[in-house]
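Summary of structural features
Listed below, chain by chain, are the residues.
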Amino acid sequence: MRVVVADDAVILREGLMRLLEEAGFEVAGLAADADELYALVERVHPQVAIVDIRMPPTHTDEGLRAAKVIRSRWPETGILVLSQYVRPSYALELLSEGTEGIGYLLKDRVSDLEELSTAVRRIGAGGSVLDPSVVAQLVGRRRAADDPLAELSGRELEVLALMAEGRSNKAIAERLFITEHTVEKRVKSIFATLRLPQSADDHRRVLAVIAYLNSQ
Amino acid sequence: MQAAIGGAALLAGVAAAWLASRSQIEASGPIAAVLALVLGWSFIGSGLVAWRARPENRLGPVMVFIGFAWFATFLADARDPLAFTVGTALENVYLVGFAYLVLAFPSGRLRTRVERFVIGCAIVLATVVEWVWLLFTDSRTIICPVCPRNVFELVRDDALSENLLQGQRVAGILLSLFMLLLLVSRWRQASAPLRHSVAPVLWTGAATFAALAVSVLNDVFQQPLGALPAWVLACLFASIAIAVLAVLLQQRLAHTAVAGLIVEFGRRGQGTDVQEALRDALGDRSLELGYWIPDITRFVRSDGAAIDLPGPRDERVSTVVERDGAPIAALIHDAALRHNVELVESVCAAAGLTLDNERLHAELHAKLAELQASRARLVEATELERRRIERDLHDGTQQRLVSIAMSLGLAESKLARDPAAAAPVVRRARNELMLALEELRSLSQGIHPAILVERGLAAALDELGRRAGLRVRLEISLEERLPDRVEAAAYFLASEALTNAAKHSRAEEARLAAWCDDGTLVVEIEDGGVGGAGPANGTGLRGLADRVEALGGKLTVSSPRGGGTLLRAEIPCG
């Protein structure tokens, strides 16, 4: 799979390159800011662009804006935004552009080569990835006493969180050591409890769950 | 004295009327006698009133002089040769007084060189030229057929006498017209309050100069208009005295405004709009009031905003109100009020106590504004500092740690497949960790130097001096530990000042001194560099001053261009 990396810190973009190559990706180019990234994407048409959220000139949310530009100009390129901080609002802003081929991960995750390569592959395949800590923040928010979320069992909450991270039923089943069928049952029950419309589509249900968690 | 003048005026008037009524010259008679009396007495009377009301103003005496000079002209109607000659010699002197009165009104002083020149010419015409003329004049041929003998006649020269007379008249006409022009131009330049106060005198004066010019012209051409111009002139001349009196009375009336002001303050008490009350009392809507703030040595408005006094060339003038020898306020008002110094001063005296109160209010406002500004700057400085620390952490330590995490992730992967390749990756991770620790150490040093906590200010300054970017001569004598915030403020002051010196001063050496003096910590940082440092170029100094002031201290900066920079902080620490 062909990827590109954009980060203004040399040490990080080269580290990432070594890791990705170790995991078997083809790193087709490195960029230090958004403009370099656009030129790179235009030239090599990567399947996934891995972008640091803070880049010159303002060092605030250039990565986020770059993601939106790439989404509109090269919709076939997946985007993984890396950030040093967990910010649900950034994640939601990113996902509002559509959940296909979009990911938002904490930078720390890159140390786990397995996790990193899974996430990149999932985004390359059109899936979505949301950092567990973002989901944890969304789920853990203080809620009203009559919130239906309180009615979910512990197991159901785990499934909900994994769903929100963008995992498929199969991945959730593997992670929780249960059958895919059980996962399907739990998902149905969760959607019923939260009064959300059922959706067979993995992508749509991520959005539904996130929107639910954010709105309550 | 004034009673004596009044008595003399009565006698002189009666004498003049008697002379006028017995005159052998045409156009004289009972009416002329009455007019003579009214004119003279009105000038002397108005003059005495003005003299009493405004002793410092010359116009009172000038008017009295005009009255007597007017009476003196009636000596020319006498049958005695000497009296006739003296009367003739003085016949135009009253006009000089009159010209002075109109030009110098209302201040009593001539302002410009042109005005002084014009009056000088008038004096020469009325005295020197007149008297020289008399030396050559046979009174019966030149003046009138029935006149007494001219006792001053030295050599009879009819042609010379005639020419001198006509020359004097032409010069008189030109002078009158020129004074008319002066008055018109003065009117055009006058401010509204000035116009208001001088209008009656200025316009009557201008009309009188015009009538004078016409009347003398009439004489030059053997009186084609008969006696009419002389009568018009006499009437206008008489009305001048009344106009002057009217203006003076009006100004006296303004003095009652002072009493009104006192009542006003008494009634309204605290919270009175002093500026508004002063505007009413002085009749100047444009008046502005500034209060003296000793701390910043400036005048400020009641809301605390600074205000500048007009310079000597401005159209507005200021009157500074003092109390116990120290300024408390300044009125910035129209220049016309300058002629009424007395009124402004009495108004200020009446407003004195209230002004002092209001000044304290304004001072409070000004201090509050400065306090708020310095608090805002402190908050902003703190915010900037936090942002800097976050950036340092993000760009430094966090990145190193992420990079270490990546190296370890890579090493983990290598260990499984190719253990030999893992060793260099782990070594790289360890080096990164060392760098991260080093960065963290220097960062925490910047946030709060450990040595300051452990060993105190003296040791921290000592270390600061060794690490500075230029040679530092240390003169530190601190025996005891001081309160933490005082030590921190002094440390960061010294640190910033030495950084500035190393960066901007181009000096090779600096002096860092610190000592305690009677409960006050004094810190001085001095370099012999280029100077020119101030709060304006960069907020660094302002922020340091805020920090020192927040502890009740004071930071003084002396940095003349080319003369080095001396920072001196005094912080209470007792």
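The sections below set out a description of the structure shown in this document. (Residues numbered from 1 in each chain as written. Chains lettered and ligands numbered in written order. Predicted model: local features only at pLDDT ≥ 70, side-chain atom pairs only at ≥ 80, totals over all residues. Heavy atoms only, no water.)

1. Things to note about the overall build of chain A
Of the regular secondary structure elements, chain A holds ten helices and six strands. Within the span of chain A, comprising 216 residues, buried residues form 53% of the whole. Split by element, the accessible area of chain A, about 9400 Å² in all, is 51% carbon and sulfur. (Helix = DSSP H or I, 4+ residues; strand = E, 2+ residues; numbered from the N terminus. Buried < 20%, exposed > 50% of the residue type's maximum accessible area, 1.4 Å probe, protein only. Areas by Shrake-Rupley, 256 points an atom, 1.4 Å probe, with all protein chains shown as cover.)

2. Regarding the interface of chain B and chain A
At the junction of the two partners, chain B supplies 17 residues and chain A supplies 17 residues. Summing both partners gives a buried area of about 1700 Å² for chain B against chain A, and 55% of it is carried by carbon and sulfur. For the pair chain B and chain A, the interface holds three salt bridges. Where R54 of chain A meets E390 of chain B, a salt bridge forms, and the shortest distance between an N and an O atom there is 2.8 Å. One can count seven residue pairs in polar contact (both at pLDDT 80 or more) joining chain B with chain A. (Contact = heavy atoms within 4.5 Å. Buried area = accessible area lost by both parts, 1.4 Å probe. Salt bridge = Lys/Arg side-chain N within 4 Å of Asp/Glu carboxyl O. Polar contact = N/O pair within 3.5 Å; in protein donor to acceptor, adjacent residues only side chain to side chain.)

3. Looking at the environment of L162 of chain A
Residue and element names in this part refer to chain A. Residue placement: L162 occurs in helix α7 (residues 154-164). Considering only alpha carbons, one finds L162 and V206, 44 residues apart in sequence, at a separation of 9.5 Å. Excluding its chain neighbours within four sequence positions, the residues that come into contact with L162 are R167, I172, R175 and L176.

4. Overview of the pattern of salt bridges
Residue and element names in this part refer to chain B. Following the criterion strictly, the structure yields 38 salt bridges over all chains and no others. Of the charged contacts, one joins R301 and E288 as a salt bridge, the two residues approaching to 2.6 Å between their closest N and O atoms. Residue R301 is found in the loop between β2 (298-300) and β3 (306-307), and its partner E288 is found in strand β1 (residues 288-293); the two are separated by 13 residues along the sequence. Judged by relative accessible area, R301 falls into the partly exposed class, the value being 31%. Using a relative accessible area of 24% as the deciding quantity, one classes E288 as partly exposed. When salt bridges that share partners are traced, they join R471, R473, E475, E509, R511, E524, E526, R568 and E570 into one network.

5. Some remarks on the packing of helix α16 (residues 484-505) of chain B against helix α17 (residues 540-550) of chain B
Residues and elements named next belong to chain B. At a minimum axis distance of 10 Å, the contact between α16 and α17 shows a crossing angle of 165°. Taken as axis vectors, α16 and α17 run roughly antiparallel relative to one another. Two packed elements cross with a definite hand, and for α16 against α17 that hand is left-handed. Along the contact surface, α16 presents A488, A489, F492, L493 and E496, while α17 presents G540, L544 and R547. Looking at the contact of α16 with α17 residue by residue, the classes come out as five nonpolar, one polar and two charged. (Axes fitted to C-alpha atoms, helices over the stretch in contact; angles between N-to-C directions. Parallel < 35°, antiparallel > 145°, perpendicular 65-115°, else oblique. Left-handed = near helix turned anticlockwise from the far one by under 90°. Nonpolar A, V, L, I, M, F, W, Y, C, P; charged D, E, K, R; others polar.)

6. Some words on the nonpolar core
Ranked by internal contacts, the top residues of the largest apolar core, which has 66 residues, are F43, W70, L101, L103 and F237 of chain B. Elements with a minimum of two residues in this core: α1 (2-21), α2 (30-53), α3 (59-72), α5 (93-104), α6 (113-135), α8 (158-189), α9 (192-220) and α10 (228-268) of chain B. With eleven residues, the single largest contributor to this core is α5 of chain B. With residues near it in sequence (within four places) discarded, F43 of chain B still touches M63, V64, I66, G67, L101, F237, I240 and A241 of chain B. Membership of the second largest hydrophobic core comes to 53 residues, among which are A49, M55, W74 and I172 of chain A. (Core = buried A, V, L, I, M, F, W, Y, C linked by side-chain atoms within 4.5 Å.)

7. So, the pairing of strand β4 (residues 78-83) of chain A
Residues and elements named next belong to chain A. Among the six residues of β4, six are classified as buried, and the element is accordingly described as predominantly covered. Residues G78, L80 and L82 point to one face of β4 and I79, V81 and S83 to the other, with burial holding for every one of them. Sheet topology places strand β3 (residues 48-52) next to β4; five bridges connect them, and they run parallel. Considered in β4, the bridge of D52 is made with L82. The handedness of the β3 to β4 crossover, carried by helix α3 (residues 62-73), is right-handed. In the sheet, β4 pairs with strand β5 (residues 102-106) via five bridges, with the strands oriented parallel. Across the sheet, the residue bridging to L80 is G103, located in β5. Since β4 and β5 lie parallel, the crossover through helix α4 (residues 88-95) that links them has a hand, and here it is right-handed. (Pairing = 2+ DSSP bridges. Right-handed = clockwise from strand over helix to strand, strands pointing away.)

8. A look at unusual backbone geometry
In terms of backbone geometry, most residues other than glycine have negative phi values and most peptide bonds are trans. Residues and elements named next belong to chain A. Omega for the peptide link from P56 to P57 comes to 5°, which places this bond in the cis form. For P57, the position within the fold is in the loop between β3 and α3. We note that H59 has phi near 55°; this positive angle belongs to a residue other than glycine. In this fold, H59 is placed in the loop between β3 and α3.

9. Overview of the layout of surface pockets
Residues and elements named next belong to chain B. The volume enclosed by the second largest pocket comes to roughly 1200 Å³. Contributing to the lining of the second largest pocket are 35 residues, with E385, F492, E496, L544 and R547 lying nearest its centre. Looking at the lining of the second largest pocket, the elements with two or more residues in it are α12 (341-417), α13 (419-447), α15 (457-467), α16 and α17. Looking at which element gives the most residues to the lining of the second largest pocket, the answer is α16, with ten residues. Its residues placed into classes, the lining of the second largest pocket shows 14 nonpolar, ten polar and eleven charged. (1 Å grid on protein atoms, 1.4 Å probe; cavity = no way out; pocket = protein on both sides within 12 Å on 5 of 7 lines; lining within 4 Å. Points joined across faces, edges and corners; volume = space filled by probe spheres on them.)

10. A word on the sheet that holds strand β7 (residues 509-517) of chain B
Residues and elements named next belong to chain B. Ordered by their spatial adjacency, five strands build an open sheet running β6-β7-β8-β10-β9, and the pairing between neighbours is mixed. Each edge of the sheet is formed by a strand with only one pairing partner; in this case those strands are β6 (471-477) and β9 (554-558). Neighbouring strand axes in the sheet, compared pairwise and without regard to direction, differ in orientation by 10° on average. Sitting on the sheet, α15 touches β6, β7 and β8 (520-527), and the angle it makes with β6 is about 170°. Here α17 sits on the sheet and contacts β9 and β10 (565-572); the angle it forms with β9, its principal contact strand, is near 150°.

11. Notes on the environment of G78 of chain A
Residues and elements named next belong to chain A. Among the secondary structure elements, G78 is positioned in strand β4. G78 sits 22 residues away from E100 along the chain, and the two C-alpha atoms are 7.7 Å apart. Each residue touching G78, except ones within four places of it in the same chain, is listed here: Q47, V48, A49, R71, G101 and I123.

12. Thoughts on α1 of chain B
Residues and elements named next belong to chain B. With 20 residues, α1 ought to run about 28 Å at 1.5 Å a step, and its terminal C-alpha atoms sit 28 Å apart, in line with that. Within α1, the full set of buried residues consists of I5, A9, G13, A16, A17, L19 and A20. Across the axial projection of α1, the buried residues extend over an arc of 155°, all falling on one side. In α1, those exposed residues whose orientation departs by more than 90 degrees from the buried face are A3, A4 and L11. (Expected span 1.5 Å × (residues − 1). Arc of directions from axis to C-beta.)

13. Considerations on the sheet that holds β5 of chain A
Neighbouring strands of a sheet are bound in pairs by backbone hydrogen bonds; such pairs are parallel or else antiparallel. Residue and element names in this part refer to chain A. If you trace the six strands from one edge of the open sheet to the other, you get β2-β1-β3-β4-β5-β6, paired in parallel fashion. What marks the edges here is a single partner per strand, and that holds for β2 (26-31) and β6 (128-130). Ignoring which end each strand starts from, the neighbouring axes of this sheet average 20° apart. Packing of helix α1 (residues 10-22) onto the sheet brings it into contact with β1 (2-6), β2, β3 and β4, and relative to β2 it is tilted by some 175°.

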